Amino acid sequence: MQVQTHVDIHSEWGIVAARQAGRKLAREIGFGSVDQARVTTAISELARNIYLYANKGQIYIEEATSSGKRGIRIIATDEGPGIKDIRKVMEDGYTTSGGLGAGLPGVKRLMDEFKIDSELNEGTTISAIKWLR
Amino acid sequence: MEKTKLSMYQLYKDMLNTYLDSKSEHALYAAQQFSKEMMEKDMSPEEMVSLHMSVFQEMVPELPEEVVDSFDLLLEVMIGYGLAYREHQSLRDRQRQLESELNVAARMQQALLPEDEIHAPDVDLGVLSVPAGKMSGDYYHYIQDDHGCIGLAVADVIGKGVPAAMCMSMIKYAMDSIPEQRLQPAALLESLNRVVERNIDSNMFITMVYGSYDPRSHRFYYAGAGHEPGFYYSKKTDSFEELTTKGLVLGLSQKVSYKEYVKNVEPGDFFVLLSDGVTECRTEDGFIEREQITDMIRKHIDLPAQEIVNRVYRELEKMQDFELKDDFTLLILRRKV
Amino acid sequence: MNLHIDIKEKAQESLVSLKGEIDVYTVPKLKEELIPVTEEPNKHVIVDLSGVNYIDSTGLGVFIGALKATDQSGSTLKITGVNDRVRRLFTITGLDEVIDIEVNEREEA
């Protein structure tokens, strides 16, 4: 049975709530403390992006399974301005140089799978999975 | 991976034990070596913190709760450092890739310069061009026709590095497309200007000096497009004269005409063409004076032309503490007999 | 190495005073501020270089860009306060024939 937690992001409180929910599920699935912190940081970054660029959006956190593997899936979705040049925001050094934090390349590095979908003026959906080793 | 983690665990545990026992510098040195190994194995800072904590907890099972909990905070902070470290690694890889691409481009650029030597019993040619970075915005050219007439040029694209280098290749191809004007400096510059004007960005321009030497009449014709003046050395009077030319830089407006100058060349006389990387050379005491360049040339005046340019370069390189600020090109053509 | 840019806009005139060095490092900033001024229609753009002791070739490039922009917008470009070293650069490149340049009267050594 799949459990899905859903957190509305429209303030910094939402970011903390999403972190909390993510850490809790990661612990339940059986992630160690380092991976728990990684998953939480990834959620943080995704939630912050929503808050900073789209003002509001949703974070969904759920257990992921695939051919015997278990893991945690994070989906971040917003109806914000969208990303004009995805290749550029996925480039190392693009967002971090401005002091904006780990950015999307950081999230990709923290997680095992990463998918991004964005339409200008329609919004952005990012889905990322961390597998249990 | 799991196996390395296990052996790392054991290694770290032994190290920590030794240190807590002896507090020796030796153990600390071992830790320093260990950190290198960690980095080679791609262990992140957060994994290191977690390793420390689990080893420590095993050694001292009754740790106060505050100590254990405080590591949560450290771990969280280290994630950020770990990301920065990974990003640094990936940027370093990308830099290596860019650098190797640049190396290829630089070799291609080198191939645009003339290769064959001038074979003429009565003239001596020396030229040296050194880019400040990997690629050059300077260009030089020389060519000899069937009558032994020699055409030569030094061009300088504004700026330096890759953009300047791309522009430089345009000059080369443009020159190749107008071979019939090789011995008419002013006409050649006029044609080149039209090509450059059509193909260049509005903030860019190119300066160029073009000269041609006719060994039958011993005359040197030259024209310049906004280029740093070179020198003419007269052996008879043992003096240098500025090779001043009037003419607008290439690429600014469609219709420009250039004035052609001519000099009678006596045995031992020579011409110096250069880019502003030679004269705009900046040392600790400010810019060097143009006389300093002629003094350097004079010092080696009895050497072959190629030796003179090499030595002037070496001296200027030293004066700038081996850090070239701009592309450097120096060319000397001398009438021997 | 720094460049200070001060722009005073009047009805018919824009006075751009520069102080420092104009080289590869300061050119992007200069371009960003000077070019929009030269794109305004029917203005006299005056660039005061009396605080500038060094310009390299990329710096000259900006003035060429500025000249082309004023030609397009029906404005004029004038450069004042050039010292010997800077004037020499404008003379060698032939730009003194296409840009209106007023030589610094208080010539400094």
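Report on the accompanying structure. Keep in mind that what you see is a predicted model, and the values were worked out from it rather than measured.

Quick word on the nonpolar core
One finds Leu189, Ile206, Met208, Leu331 and Leu333 of chain B to be the most contacted residues of the largest nonpolar core, which totals 95 residues. With residues up to four places along the chain from it excluded, the contact list for leucine 189 of chain B reads Met208, Tyr210, Ala223, Ala225, Gly247 and Tyr258 of chain B. Counting 25 residues, the second largest nonpolar core, distinct from the first, contains Ile15, Ala18, Ala26 and Leu46 of chain A.

Some words on the interface of chain B and chain C
Across the contact, 16 residues belong to chain B and 15 residues belong to chain C. Residue composition of the side of chain B that touches chain C, grouped by class: 7 nonpolar, 6 polar and 3 charged.

Things to note about the interface of chain A and chain B
Taken together, the contacts link 12 residues of chain A with 12 residues of chain B. Among the secondary structure elements, those contributing two or more residues to the side of chain A that touches chain B are helix H2 (33–54) and helix H4 (103–110) of chain A. For the side of chain A that touches chain B, the element with the most residues is H2 of chain A, which contributes 5 residues.

A short note on the packing of helix H3 (residues 45–59) of chain B against helix H4 (residues 65–110) of chain B
All names here are of chain B. Between H3 and H4, whose axes approach to 6 Å, the crossing angle comes to 155 degrees. Of the possible angle classes, the one that applies to H3 and H4 is roughly antiparallel. In this structure, H3 uses Pro45, Glu46, Val49, Ser50, Met53 and Gln57 to contact H4, whose residues at the interface are Val68, Phe71, Leu74, Leu75, Met78, Ile79, Tyr81, Gly82 and Tyr85. Of the residues belonging to the contact of H3 with H4, the class tally is 11 nonpolar, 3 polar and 1 charged.

Side note on the sheet that holds strand E1 (residues 123–130) of chain B
Within a sheet, each strand pairs with its neighbour through backbone hydrogen bonds, oriented either parallel or antiparallel. Residue and element names in this part refer to chain B. The 5 strands are arranged E1-E12-E9-E6-E7 in an open sheet whose pairing can be described as antiparallel. The strands lining the two open edges of the sheet, one partner per strand, are E1 and strand E7 (239–243). Neighbour-to-neighbour, the strand axes of this sheet turn through a mean angle of 15 degrees, independent of strand direction. Two strands pair when backbone bridges link them, and E1 and strand E12 (residues 328–335) are joined in this way by 8 bridges, in the antiparallel orientation. Paired with valine 127 across the bridge in E12 is leucine 331.

Observations regarding unusual backbone geometry
Residues and elements named next belong to chain A. The phi dihedral of asparagine 55 is positive, around 70 degrees, even though this residue is not glycine. For asparagine 55, the location among the structural elements is in the loop between H2 and strand E2 (57–66). A positive phi is found at serine 67, a non-glycine position, where the angle reads about 35 degrees. Among the structural elements, serine 67 can be located in the loop between E2 and strand E3 (69–78). A residue is classified by how many C-beta atoms lie within 10 Å of it, and serine 67, with 4 of them, is exposed.

What to know about helix H9 (residues 305–319) of chain B
Residues and elements named next belong to chain B. Helix length check: H9, at 15 residues, gives a terminal C-alpha distance of 21 Å against a target of 21 Å (1.5 Å per residue), a fit within 8%. What H9 keeps buried is the set Ala305, Ile308, Val309, Val312 and Leu316. Looking down the long axis of H9, one finds its buried residues gathered within 95 degrees of arc, a one-sided arrangement. Among the exposed residues of H9, those oriented more than 90 degrees off its buried face are Arg314 and Lys318. Its buried side turned inward, H9 meets E1, helix H7 (276–279), helix H8 (290–299) and E12.

Parameters and conventions
- Residues numbered from 1 in each chain as written.
- Chains lettered and ligands numbered in written order.
- Predicted model: local features only at pLDDT ≥ 70, side-chain atom pairs only at ≥ 80, totals over all residues.
- Core = buried A, V, L, I, M, F, W, Y, C linked by C-beta atoms within 7 Å.
- Buried ≥ 20, exposed ≤ 12 C-beta atoms within 10 Å, placed from the backbone.
- Contact = placed C-beta atoms within 7 Å.
- Nonpolar A, V, L, I, M, F, W, Y, C, P; charged D, E, K, R; others polar.
- Helix = DSSP H or I, 4+ residues; strand = E, 2+ residues; numbered from the N terminus.
- Axes fitted to C-alpha atoms, helices over the stretch in contact; angles between N-to-C directions.
- Parallel < 35°, antiparallel > 145°, perpendicular 65-115°, else oblique.
- Pairing = 2+ DSSP bridges.
- Expected span 1.5 Å × (residues − 1).
- Arc of directions from axis to C-beta.

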